[in-house]
Amino acid sequence: LKSRAGVLRMPPPRVQASPESSPRKDDDIPDKEVIPEKKAKVTGQGAKTGIDDDPAMVEAKRRLASSHQTFEQIAKENGVPQNVFLGYIKNELDNESNCLELPLTILILMSFSILAVFLLRQDEVYAVKEAIEFDIKENANFAWAHNFGHKGIFDVNSIADFWSWARLGFLPLVVQPAWYYSEGYSEALEAEVRKANSSYSEDMLPPSQWQFPGYDKPTPIKNDYLRLNRIVGGIRMSQEIAEKASPSECRFPTSIDRARMEAWLGKPCAPSDLATLTPERYDTEVFGRYTRTEWLLPEIDSLDELRRVLLDMEDGCAHSGAGGGQPSPTCRCEWCRSQSPGVPWVDERTQRA
């Protein structure tokens, strides 16, 4: 072939030999036609840990992918590798052992459940504990107004509240020396007696104890609680205390004499970092802008004097005014005294105080 650039030479045609004329090599035979002379036998070597990495398994997978044979056909032709066979046997033995242990496990579980229910009786113990806890929470009240107690155990916020709760709420609830009747029973009985034109006396009131049939003692019996329970021994009152306080635990500013600060504090400090606050502003309540600032100084003024300051702040010194809406010079609210006319310290413009 000729072209403008020169002569183009084509490669000679490739001559392929016919299957009859070309010698046949073993490598040209497909894998599926290679038939081993004899089946692979299980050798005496130990089982390998990685079945997928075993050469026999890799060869079996390769032959399966190339010849589209199943594992069952390959196993019949080539045999089963030793590690695969041993792994199968071990798995079967483990499953059999687990199945044989299952009845014993069920027996142990049932035995524990029966002992827990019938011997420990945890359901009854829980019911009694819940009843006692509920009774103390709901019925041990103080701050009484007639027949209603306004506060309970969760309203105890001071030492005085604790003793009020213990004396007026807890003790009368747990220790009941007499049979209790409904509210206003004596007044209702007196009204019924007077309707019958009879004279009323306290001797007409029912007894404070009842002798029920089959009882050896009149009811309520001492140490009875919630009618069906008995207090064994008595009521134990105990407490937890903090570590001993010491003046050395107090932390004062280093720029001030420590002896003067201890004299000002007047008592030792507890060894604890809980709720430790500094006088700095970032440890106190944050306000966007401080206005109408007033100071109450308990160390200088008495309680009555502080109350008078609050009265002046509440009404803008109107009760002590000099007339004409002007606050008196003796007004204890500095901001109120500077206003003309005087107005209360908290008004409609107040957002937070």
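Just above sits the structure.
Please read all numbers here as calculations on a predicted model, not as lab measurements.

**Student:** Is there a simple way to explain the overall build of the chain in this structure?
**Tutor:** Across its full length, the chain carries 9 helices and 4 strands. Traced from its N-terminal end to its C-terminal end, the chain shows the element sequence α-α-α-α-β-β-α-α-β-β-α-α-α. Relative to its full complement of 353 residues, the chain shows a buried share of 15%. Across the chain, the fraction of contacts at a sequence separation of at least 24, relative to all contacts at a separation of at least 6, is 41%. Total accessible area computed for the chain in this model is approximately 30,200 Å², and 57% of it derives from carbon and sulfur atoms.

**Student:** Where do I start with the packing of aromatic side chains in this structure?
**Tutor:** A complete count under the given rule lists 6 aromatic pairs for this structure. Measuring from centroid to centroid gives 4.9 Å for Phe162 and Trp163, while their planes differ by 65 degrees, and the two rings are edge-to-face. Between Tyr181 and Tyr185, the aromatic rings sit 5.2 Å apart at their centres with planes inclined by 20 degrees, giving stacked as the arrangement. Owing to a relative accessible area of 32%, Tyr181 belongs among the partly exposed residues under this scheme. Among the aromatic residues, those joined into a ring-pair cluster are Phe162, Trp163, Trp165 and Phe170.

**Student:** Quick question: what am I supposed to make of the pairing of strand β1 (residues 142-145) here?
**Tutor:** It is a general feature of regular strands that their side chains alternate between the two faces of the sheet. Sheet topology note: the β1/strand β2 (residues 148-151) ladder contains 3 bridges and is antiparallel. Considered in β2, the bridge of Phe142 is made with Lys151.

**Student:** How should I be thinking about the environment of Tyr225 in this particular structure?
**Tutor:** With respect to the element layout, Tyr225 can be found in strand β3 (residues 224-225). For Tyr225, a relative accessible area of 7% translates into the label buried. Along the sequence, Tyr225 and Gln176 sit 49 residues apart, while their C-alpha atoms lie 8.0 Å from each other. The residues touching Tyr225, leaving out its near neighbours within four places in the chain, are Ile132, Asp135, Ile136, Leu173, Val174 and Ile231. A distance of 2.7 Å separates the side chain of Tyr225 from the side chain of Asp135, its partner in a polar contact.

Basis of the calculations
Residues numbered from 1 in each chain as written. Predicted model: local features only at pLDDT ≥ 70, side-chain atom pairs only at ≥ 80, totals over all residues. Heavy atoms only, no water. Helix = DSSP H or I, 4+ residues; strand = E, 2+ residues; numbered from the N terminus. Buried < 20%, exposed > 50% of the residue type's maximum accessible area, 1.4 Å probe, protein only. Contact = heavy atoms within 4.5 Å. Areas by Shrake-Rupley, 256 points an atom, 1.4 Å probe, with all protein chains shown as cover. Phe/Tyr/Trp six-rings, centres within 6.5 Å; stacked < 30°, edge-to-face > 60°. Pairing = 2+ DSSP bridges. Polar contact = N/O pair within 3.5 Å; in protein donor to acceptor, adjacent residues only side chain to side chain.

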